[in-house]
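Chain by chain, the residues run as shown.
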Amino acid sequence: MAAASPGSRSPVPAKLGSLNEEQIVALFMKIDSSSDGEIAWDEFCTYMQLEYAEKEEAVLRDKDVAFHLPAAMGSTPHREPIVKVSHTPDNTFMALGQDGMVTFWSPNLDLKRTRSVVTEQQQTNRIKNKWITDFVLMSQYNKFIIGTGDREIQFYELSNFEPYCQISGFETVPLKLDYCPTGPAECLVLFGDSEGCVNIVVIQNTGETLRNWKKFPKTEGIASVNVEVVANGSFTKYIRWKVHRDWVGQLRYYDDIRSVISCSNHANSALVIGCVSGSTHVEQQLKEISHDKSTASKSRMPNLTYSQTRKRLDTDETVFKIYKGVKTFDFSKEKNLIVTGGMDRIVRTWNPYVPSKPTGMLRGHNAPIFHLHISAEENRIFSVSTDKTVKVWDTSDQSCLITVTAKSHKIRGDLMCCHYSSLAKSLAMVTDQLALLQLKMKSSLNADIVLSHKEAVQCCKYNSSFKQVISCSDASVVKVWDFETGTQIFEFSGAHGDKPVTCMTFDSTERRLITGGRDGVLRIWNFNNGHCLKSLIKDNTEEVTDCCYVELLRNRYVVSVGWDHRINIYADAAEDFHHYQSPLPKWTDDVAHGHKDDILSVATCPPNLLATSAYDGKVIVWNMVSGHIYCHLVSPELRNNSYSSSDDEDDNRLKQDTSDLSIKKVVFLKSRAGKKDAAQLIASGPKGQIHFWNIFQGGHLYGLVNGSKKQGTVTGMILNASDTLLFTADSLGFVYVWDLDGFCEDGEAPIPPALTRDWRAHIQSITGMDLIEENNILITCSQDCTVRVWTLEGNFVGTFGQPDPWDIYNPSTYSHPMVPYDVLVDPLSMPSHPVIDRRMSVADVVHADSMEGSDAGDDDVDALQTRPHTAPNFSTLHTELLVGDDEIAEELKRQPFGKAIGKRLRHEKMMNAPNKFKDHGGPNAYQSLQCYDLVDTPEIIPPNPSAEIDDPFADILD
């Protein structure tokens with residue numbers, strides 16, 4: 001079954017009925033890559049299948065996770081098993097053993113210090129150490145809490161491990177502890193016991209309450225408070241709930257939901273979410289009041305309600321019944337997700353409000369689940385089983401991202417405890433030693449820098465048909481971006497295997513993408529679903545450096561150049577259904593008189609001109625109809641050097657200059673193609689200078705301009721439609737805009753064109769750019785892994801891939817006046833100034849006016865005198881461009897140095913400058929003073945009271 005063109009009235013499938021006509025036309029254009037005006041049903045199905053397959057692979061690449069293997073190991077000084085390991089706010093791991101020994105470890109598993117939680121009384125009497133069951137940090141008050149086998153909860157100072165106070169007299173042993181601050185001065189201390197009870201101590205005015213507890217009489221060297229005092233205190237409350245029918249395996253209080261979550265191995269009370277104090281229930285309160293009155297009348301015994309256990313009302317708790325119970329769990333409020341694991345080896349995911357059925361069951365472990373952790377910011381679930389197998393799951397599709405077995409991470413022994421540190425991005429596993437499994441982090445220059453690709457970006461192009469931007473990277477990944485918002489639409493990888501994509505272009509309909517790679521192959525793509533339509537293969541595998549699409553005499557061709565020194569032309573015929581295609585025969589003139597070095601760039605000009613530039617600095621213009629050379633273009637300086645005397649010194653000098661001779665880009669001034677007195681071709685070299693050539697009568701150089709202020713090489717050029725503006729980019733990340741209106745239009749122009757504006761777009765070499773004139777937008781890509789969008793005035797719009805999308809039609813959504821962070825802090829972005837260049841001191845700049853007329857400062861004052869700026873001479877344009885000191889002086893008069901430069905220069909230049917003082921906002925003479933130690937200290941003469949003292953104010957008073 002075939003579907004007609006989008007203008008026909010053929011029936012539309014039900015799924016497409018919700019799309020408007022514009023969206024249907026866009027979909028038709030994406031599928032009809034051959035532009036034949038019709039789509040067969042198998043074409044539609046193939047397109048959709050390939051699109052979703054590539055999207056799935058892209059999602060998996062984005063979720064890619066890996067550990068550094070094998071795990072890092074550290075021998076512990078603990079003689080008893082470690083009960084728990086946690087991390088402190090300063091990213092230090094803290095481990096506590098059953099014997100009370102505490103060890104602190106760095107993220108690199110360096111043992112920082114070791115202490116013992118033993119009181120002085122215990123050390124004196126040589127009492128056996130207490131059995132430690134669990135501990136929890138109390139960071140707000142610089143303390144930590146431990147539970148002991150003597151039914152106590154002890155508070156210790158975290159700074160010096162001195163015992164602070166303890167709560168004693170509990171009915172059972174606290175097995176699992178938790179602490180959570182619930183207000184500015186309020187907190188909860190919770191523990192689960194062997195009777196399945198959840199014990200909650202509510203403390204108000206925490207700081208003052210702990211200080212009062214410290215004043216109580218000491219027991220075994222620590223101030224001891226009985227639980228009865230805590231239960232009947234004015235600022236404390238003790239609550240005990242009977243929750244489980246087995247001992248509590250884990251419990252946590254989550255202030256986000258104001259509830260306690262606890263678990264046990266009992267199936268009918270495996271996981272329980274319950275409140276702290278219980279809801280108001282009139283009948284229950286009446287029963288309690290009547291019971292209290294009857295008890296008081298029968299006995300005068302003290303109130304011992306703190307030792308009594310009660311069960312919550314059914315409305316106050318949610319019970320999850322799970323086969324074989326729950327050994328460990330974790331909860332994420334952000335994801336609204338609970339994960340549980342236990343003896344049945346299945347990781348279950350739950351909606352906390354739906355206890356009847358899990359939302360997912362993650363199978364794969366071969367042993368009971370030992371530890372679970374939800375990393376909400378990474379959309380991952382970490383699970384560890386008792387056989388030390390670690391699995392990482394995706395929270396969205398519940399797929400297993402990676403499995404690390406004991407054979408891979410090489411951790412030996414029985415597991416005692418586990419802990420995942422979100423700060424160190426590491427999983428700590430404790431056996432008889434401490435092991436650390438650290439995640440491999442994605443390469444990133446800085447946390448504040450948005451990356452479009454993970455690798456260097458080699459080229460980018462704007463597609464006006466779909467309003468999309470396509471970029472290609474060194475990893476052979478092609479990404480499709482929405483130009484209007486900056487969000488990623490689609491991506492596919494392996495465009496050229498594992499070889500980088502080096503160049504790209506579109507066909508005349510802009511429905512197909514043509515890429516060239518370092519593997520020497522050209523490929524034609526339907527870039528909307530990643531389908532490779534055709535491969536263009538030449539005899540050798542030399543790298544393809546540039547390509548273009550040409551329509552000549554109603555025929556269509558793909559032209560490529562590269563390291564094979566030849567021009568390869570492929571016919572693009574719709575009737576050719578072969579997947580692999582070879583180039584047409586080489587031009588005779590190309591083989592005999594063509595380039596002798598690597599070809600770097602190619603450009604076309606209607607009706608039949610083709611220009612190529614090479615690494616040796618030569619440009620050849622070709623007639624595409626005949627295949628003959630139209631003219632050779634060689635820089636006069638290069639020609640003079642080439643034909644100079646061939647002594648050894650000149651040969652050595654030429655060899656040293658070959659690195660600067662390459663011409664990375666050539667473009668045609670198509671509006672001047674028929675003007676014989678104008679420059680028709682622009683070349684970006686050699687030696688970093690932009691050459692304007694007239695190609696008639698053998699070729700003549702009409703103009704010359706230095707392409708970079710910072711001695712960089714020109715890596716990219718693009719013209720607007722009217723050929724009045726030239727945008728150039730250099731290897732240092734700068735963009736320059738030149739006004740070509742009238743330049744070299746009527747003959748040679750000794751004065752270079754005006755530089756209207758320039759700005760720093762990237763911190764590394766710019767590899768490609770494209771111009772969208774209808775939106776006044778310039779797109780640049782660079783080796784710094786970013787693709788960025790700018791206005792033609794140099795205002796920063798954003799980086800493709802940033803989390804906050806922009807609206808290209810709403811300037812208020814642009815990042816301007818902000819600039820990319822890496823560009824802001826890079827030293828090369830700093831403006832040129834005598835102080836920064838270490839040619840003057842800060843004091844000289846500040847006191848420039850006072851130095852006028854003095855002999856000592858004549859040179860410095862002359863350096864700050866103003867004079868009008870003149871354009872560089874045509875004959876001296878090859879010299880280095882420097883900003884004159886006269887311009888600096890004029891700028892200083894309009895804008896004081898301390899206020900104009902500000903914090904951008906403070907830490908970048910002045911810190912490393914020898915014998916310079918830091919600028920802290922407004923330099924003055926005091927900051928330039930230097931102090932020296934006295935060699936000989938004068939003797940101090942004590943005052944003589946009998947001596948006559950002259951009063952300096954005596955005359956004034958008289």
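The model shown is predicted, which means the values in this text are computed figures rather than measured ones.

Q: Residue-level account of the overall build of the chain, with values.
A: Helix and strand counts for the chain come out as 17 helices and 60 strands. When each of the 958 residues of the chain is scored for burial, the buried share is 49%. Long-range contacts, defined as pairs at least 24 residues apart, comprise 51% of the intrachain contacts of the chain with a sequence gap of at least 6. Surface summary for the chain: the accessible area is close to 47,700 Å², and the carbon and sulfur share equals 50%.

Q: Give a detailed account of the packing of helix H1 (residues 21-31) against helix H2 (residues 41-62), specifying residues and quantitative values.
A: Between H1 and H2, whose axes approach to 10 Å, the crossing angle comes to 90 degrees. Judged by the inter-axis angle, H1 sits roughly perpendicular to H2. Counted together, Leu27, Lys30 and Ile31 of H1 and Glu43, Phe44 and Tyr47 of H2 form the full contact between these two elements. In terms of residue class, the contact of H1 with H2 is built from four nonpolar, no polar and two charged.

Q: Explain the nonpolar core to me, and be specific about the residues and the numbers.
A: Counting 23 residues, the largest nonpolar core has Ile145, Ile153, Phe155 and Trp213 as the members making the most contacts within it. Apart from the residues within four sequence positions on either side, isoleucine 153 is in contact with Ile145, Ile146, Cys165, Gln166, Ile167, Phe170, Pro174, Leu177, Val189 and Phe191.

Q: Requested: an account of the confidence of the model for the chain, with residues and values cited.
A: When pLDDT is averaged along the chain, the result is 81, and 77% of the positions lie at 70 or above. This model gives residues 297-304 a pLDDT under 50, and the stretch forms one contact once residues within four places in sequence are excluded. A low-confidence stretch, residues 945-958 (pLDDT under 50), is modelled with zero contacts involving residues beyond four sequence positions or located in other chains.

Q: Describe helix H4 (residues 206-214), listing the residues and the values that go with them.
A: Along H4, the residues classified as buried are Thr206, Gly207, Thr209, Leu210 and Trp213. For H4, the angular spread of buried residues about the axis comes to 165 degrees, placing them on one side.

Q: Describe in detail the environment of alanine 406, supporting the description with residues and values.
A: Mapping alanine 406 onto the fold places it in helix H7 (residues 406-409). For the pair alanine 406 and lysine 388, spaced 18 residues apart in sequence, the C-alpha to C-alpha distance is 5.7 Å. Discounting chain neighbours no more than four positions away, the residues touching alanine 406 are Asp387, Lys388, Ile411 and Arg412.

Q: So what about unusual backbone geometry? Which residues, and what values?
A: Looking along the chain, the bond that leaves proline 606 and enters proline 607 is cis, with omega of 5 degrees. Mapped onto the secondary structure, proline 607 falls in the loop between strand E45 (599-605) and strand E46 (609-614). A cis amide bond links glycine 685 with the next residue in sequence, proline 686, at an omega value of 5 degrees. You can see proline 686 is positioned in the loop between strand E50 (681-683) and strand E51 (689-694). With a phi close to 55 degrees, glutamate 220 is a non-glycine residue in the positive phi region. Mapped onto the fold, glutamate 220 is located in the loop between strand E15 (218-219) and strand E16 (222-226). Even without a glycine there, the phi angle at arginine 258 is positive, about 55 degrees. You can see arginine 258 is positioned in the loop between strand E18 (248-254) and strand E19 (259-264).

Q: Kindly report on H1, identifying the contributing residues and their values.
A: All buried positions along H1 are accounted for by Leu27, Phe28, Met29, Lys30 and Ile31. Looking at the buried residues of H1, the elements they touch are strand E2 (39-40), H2, strand E34 (468-473) and strand E39 (521-526).

Q: Mind laying out the pattern of salt bridges, listing which residues take part and the relevant values?
A: The full count for this structure, using the stated rule, is 27 salt bridges. Here arginine 240 makes a salt bridge to aspartate 193, at a shortest N to O gap of 3.1 Å. Linking arginine 240 in strand E17 (residues 236-242) with aspartate 193 in the loop between strand E13 (186-192) and strand E14 (197-204), this pair joins segments that are 47 residues apart in sequence. Comparing arginine 240 with aspartate 193, the two get one shared label, buried. The partner of arginine 760 in a salt bridge is aspartate 826, and the shortest N-O contact between them spans 3.1 Å. Here aspartate 826 lies in the loop between helix H11 (821-825) and helix H12 (842-846) and arginine 760 lies in strand E56 (residues 754-760), a separation of 66 residues in the sequence. Taking the relative accessible area as the measure of exposure, aspartate 826 reaches 19% and is therefore buried.

Q: Could you give me a rundown of the pairing of strand E31 (residues 426-430), with the residues and numbers involved?
A: For E31, a buried count of five out of five residues is recorded, marking the element as mostly surrounded by other parts of the structure. Covered by surrounding structure in E31 are Ser426, Ala428 and Val430 together with Leu427 and Met429, the residues of both alternating faces. For strand E30 (residues 417-421) and E31, the ladder comprises five bridges, and the chain directions are antiparallel. The residue bridging serine 421 from the neighbouring strand is serine 426, located in E31. Turn length for the E30-E31 hairpin, with the two strands adjacent in sequence and antiparallel, is four residues, and the turn residue lysine 425 shows positive phi of about 50 degrees. Bridging between E31 and strand E32 (residues 433-438) involves five bridges; their strand directions are antiparallel. In the sheet register, alanine 428 faces E32, and the bridge partner there is leucine 436. The loop that links E31 with its antiparallel partner E32 comprises two residues.

Cut-off values and rules
- Residues numbered from 1 in each chain as written.
- Predicted model: local features only at pLDDT ≥ 70, side-chain atom pairs only at ≥ 80, totals over all residues.
- Heavy atoms only, no water.
- Helix = DSSP H or I, 4+ residues; strand = E, 2+ residues; numbered from the N terminus.
- Buried < 20%, exposed > 50% of the residue type's maximum accessible area, 1.4 Å probe, protein only.
- Contact = heavy atoms within 4.5 Å.
- Areas by Shrake-Rupley, 256 points an atom, 1.4 Å probe, with all protein chains shown as cover.
- Axes fitted to C-alpha atoms, helices over the stretch in contact; angles between N-to-C directions.
- Parallel < 35°, antiparallel > 145°, perpendicular 65-115°, else oblique.
- Nonpolar A, V, L, I, M, F, W, Y, C, P; charged D, E, K, R; others polar.
- Core = buried A, V, L, I, M, F, W, Y, C linked by side-chain atoms within 4.5 Å.
- pLDDT = per-residue confidence, 0-100.
- Arc of directions from axis to C-beta.
- Salt bridge = Lys/Arg side-chain N within 4 Å of Asp/Glu carboxyl O.
- Pairing = 2+ DSSP bridges.

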